[in-house]
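Listed below are the residues making up each chain.
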Amino acid sequence: GGVRAFVAQPEVCSNPGEATIRTAVDEAVGWFARNQPDDGTWLYRYDKDANVDVGGYNVVRHAGVTMSLYQAATVGSADALATADRGLSWALERLVPAGDGLAPNDSRQIKVGATGLLVAGMIERRESTGETIHDDELVGLGRFLQATVEDTGAVLAYWDIEADAPVPNEYSHYFTGEVGWALARLHHAFPEDGFGADAPAVTPTALRPSNHSRCRLSGPSTR
């Protein structure tokens, strides 16, 4: 009984209403807007007790935030588009040639997942605004992603800039999903450009059992 009460029982969360979800989205967008300096980055690590920015940055998470803000803009969250566009400008300024295409970079090795998330965000922007101003960059980013997919469907996680070649035998199940999703969205945006051939070939190569807690919503399940 003790094991069931304190160990085995799944977490149960209440079902938030639409208004609660909308408030949470708007507050998150507001935080990013308030904590974005002029260069388009965002506050990354913060010591609340000391009230100081402790520095550091991560280009993959930057791309993920940009993508999420474009999703928020799609559903009408105020300030999301302008904030995301400033983040996008930062990433586009850091595009470097890689493989047969382009990728955002902030170190000696390109993190492939950053390109996947950036592509997903840029296509979200393209579809919600109807603007095609970044199509050349999108195709270039897509060509880079294609170069990271092995014949087996595995996605290589890092790209060596000096060698202009992928780092062998390095994989990430996070990056794999991000690249597969990006290639699928590229295929829908540019159906004649050959991205669809790679999207279904991407396979999870580094799946591991997860100990992350899961939250079971109360009430009837939906599909």
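The following refers to the structure shown.

Parameters at a glance
Residues numbered from 1 in each chain as written. Predicted model: local features only at pLDDT ≥ 70, side-chain atom pairs only at ≥ 80, totals over all residues. Heavy atoms only, no water. Axes fitted to C-alpha atoms, helices over the stretch in contact; angles between N-to-C directions. Helix = DSSP H or I, 4+ residues; strand = E, 2+ residues; numbered from the N terminus. Parallel < 35°, antiparallel > 145°, perpendicular 65-115°, else oblique. Left-handed = near helix turned anticlockwise from the far one by under 90°. Contact = heavy atoms within 4.5 Å. Nonpolar A, V, L, I, M, F, W, Y, C, P; charged D, E, K, R; others polar. Phe/Tyr/Trp six-rings, centres within 6.5 Å; stacked < 30°, edge-to-face > 60°. Buried < 20%, exposed > 50% of the residue type's maximum accessible area, 1.4 Å probe, protein only. Pairing = 2+ DSSP bridges. Core = buried A, V, L, I, M, F, W, Y, C linked by side-chain atoms within 4.5 Å. Salt bridge = Lys/Arg side-chain N within 4 Å of Asp/Glu carboxyl O.

## Here we look at the packing of helix α3 (residues 59-74) against helix α5 (residues 112-129)
Right, so step 1: In the contact formed by α3 and α5, the axes pass within 8 Å of each other and the chain directions differ by 20°. What the angle tells us is that α3 and α5 run roughly parallel. Classified by chirality, the crossing of α5 by α3 is left-handed. From α3, Val59, Val60, Ala63, Gly64, Met67, Tyr70, Gln71 and Thr74 reach across to α5, where they touch Gly113, Ala114, Leu117, Leu118, Ala120, Gly121, Met122, Glu124, Arg125 and Ser128.
Right, so step 2: Considering only residue class, the contact of α3 with α5 consists of ten nonpolar, six polar and two charged.

## Looking at the packing of aromatic side chains
Right, so step 1: For the structure on display, the rule yields six aromatic pairs.
Right, so step 2: Geometrically, the ring pair formed by Phe32 and Trp42 is edge-to-face, given 5.9 Å between the ring centres and 80° between the ring planes. Here the residue Phe32 occupies a position in helix α2 (residues 18-34), and Trp42 occupies one in the loop between α2 and β2 (46-47), the gap between them amounting to ten residues.
Right, so step 3: With a centroid separation of 5.5 Å and an interplanar angle of 70°, the aromatic rings of Tyr57 and Trp90 are classed as edge-to-face. Residue Tyr57 is located in the loop between β3 (52-53) and α3, and its partner Trp90 is located in helix α4 (residues 80-92); the two are separated by 33 residues in the primary sequence.
Right, so step 4: Trp90 gets classed as buried once you look at its relative accessible area, which sits at 6%.

## Details of the sheet that holds strand β6 (residues 109-111)
Right, so step 1: With antiparallel pairing, three strands are arranged side by side in an open sheet as β6-β7-β8. Either end of the sheet is taken by a strand with one partner, and the two such strands are β6 and β8 (165-166).
Right, so step 2: Judged from the two bridges that link them, strand β7 (residues 158-160) and β8 form a sheet pairing that is antiparallel. The residue bridging Asp160 from the neighbouring strand is Ala165, located in β8.

## Here's the deal with the nonpolar core
Right, so step 1: One finds Val119, Phe144, Leu145, Leu183 and Leu186 to be the most contacted residues of the largest nonpolar core, which totals 45 residues.
Right, so step 2: Elements with a contribution of two residues or more to this core: α3, α4, β4 (95-98), α5, α6 (135-147) and α7 (173-189).
Right, so step 3: What Leu145 contacts, discounting residues up to four positions off in sequence, is Val112, Thr115, Gly116, Val119, Val179, Ala182 and Leu183.

## Let's talk about the pattern of salt bridges
Right, so step 1: In total, this model carries eight salt bridges according to the counting rule given.
Right, so step 2: Notably, a salt bridge pairs Glu93 with Arg94, separated by 3.6 Å at the nearest N-O pair.
Right, so step 3: Three or more residues are tied together by salt bridges with common partners; here these are Asp85, Arg125 and Glu131.

## As for unusual backbone geometry
Right, so step 1: At Asp79, a residue that is not glycine, the phi angle is positive and equals roughly 75°.
Right, so step 2: Position of Asp79 among the secondary structure elements: in the loop between α3 and α4.
Right, so step 3: One non-glycine residue with positive phi stands out, namely Asn169, at about 60°.
Right, so step 4: Examined against the element boundaries, Asn169 turns out to sit in the loop between β8 and α7.
Right, so step 5: Overall, Asn169 belongs to the exposed group, its relative accessible area being 63%.

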